[in-house]
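Descriptive analysis of the structure
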Amino acid sequence: MANSDLTIGDVLPSDEKDSYSDNVLDVTLKEAMDIVVYDMPPTSELTDDEVKEIHEIYQCYLDTGGEDSGSDSAYWNKSPEGNQAYWDKN
């Protein structure tokens, strides 16, 4: 995933995108994972509320994403392991 330039907006299902600001949607997955998994501070200018939203999106993906989610996003429909294998190819 380190070489990926995919953003949250690229992977979020269409019906969820209106719930988040462009700042959140433009965050790269690399930065999002650094924030939620490694508890690193954002490198872009995000408010505390936007950082919380990134955590919420990640938790929602863990709770409702995956192969049976029925989402219109190919990335949301993959398991975390499947996404990691895909992103590592970039």
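Scroll up for the structure.
Residues numbered from 1 in each chain as written. Predicted model: local features only at pLDDT ≥ 70, side-chain atom pairs only at ≥ 80, totals over all residues. Heavy atoms only, no water.

1. Considerations on the environment of Ser 79
The topology assignment puts Ser 79 in the loop between helix 5 (48–64) and helix 6 (80–88). The spatial distance from the C-alpha of Ser 79 to the C-alpha of Asp 68 is 9.5 Å, given a sequence separation of eleven residues. (Helix = DSSP H or I, 4+ residues; strand = E, 2+ residues; numbered from the N terminus.)

2. Description of the environment of Pro 80
Within the secondary structure, Pro 80 sits in helix 6. The partly exposed category is assigned to Pro 80, whose relative accessible area is 37%. In this view, Pro 80 contacts Tyr 61 and Leu 62; residues no more than four positions away in its chain are not counted. (Buried < 20%, exposed > 50% of the residue type's maximum accessible area, 1.4 Å probe, protein only. Contact = heavy atoms within 4.5 Å.)

3. A word on a nonpolar patch on the surface
On the surface, Val 37, Tyr 38 and Met 40 cluster together to form a nonpolar patch covering roughly 320 Å² of accessible area. Position of Tyr 38 among the secondary structure elements: in the loop between helix 4 (29–36) and helix 5. (Patch = residues over 30% accessible without salt bridge, like charges linked within 9 Å, V, L, I, M, F, W, Y side chains within 5 Å. Areas by Shrake-Rupley, 256 points an atom, 1.4 Å probe, with all protein chains shown as cover. Salt bridge = Lys/Arg side-chain N within 4 Å of Asp/Glu carboxyl O.)

4. A short note on the nonpolar core
Ranked by internal contacts, the top residues of the largest apolar core, which has 20 residues, are Ile 8, Ile 54 and Ile 57. Of all the secondary structure elements, the ones that give two or more residues to this core are helix 1 (8–11), helix 3 (22–25), helix 4 and helix 5. Here this core takes five residues from helix 4, the largest share from any one element. If we skip the residues at most four places from it in the chain, Ile 8 touches Val 24, Leu 25, Val 27, Leu 29, Ala 32, Ile 54 and Ile 57. (Core = buried A, V, L, I, M, F, W, Y, C linked by side-chain atoms within 4.5 Å.)

Shape is all these values report; function is a separate question.
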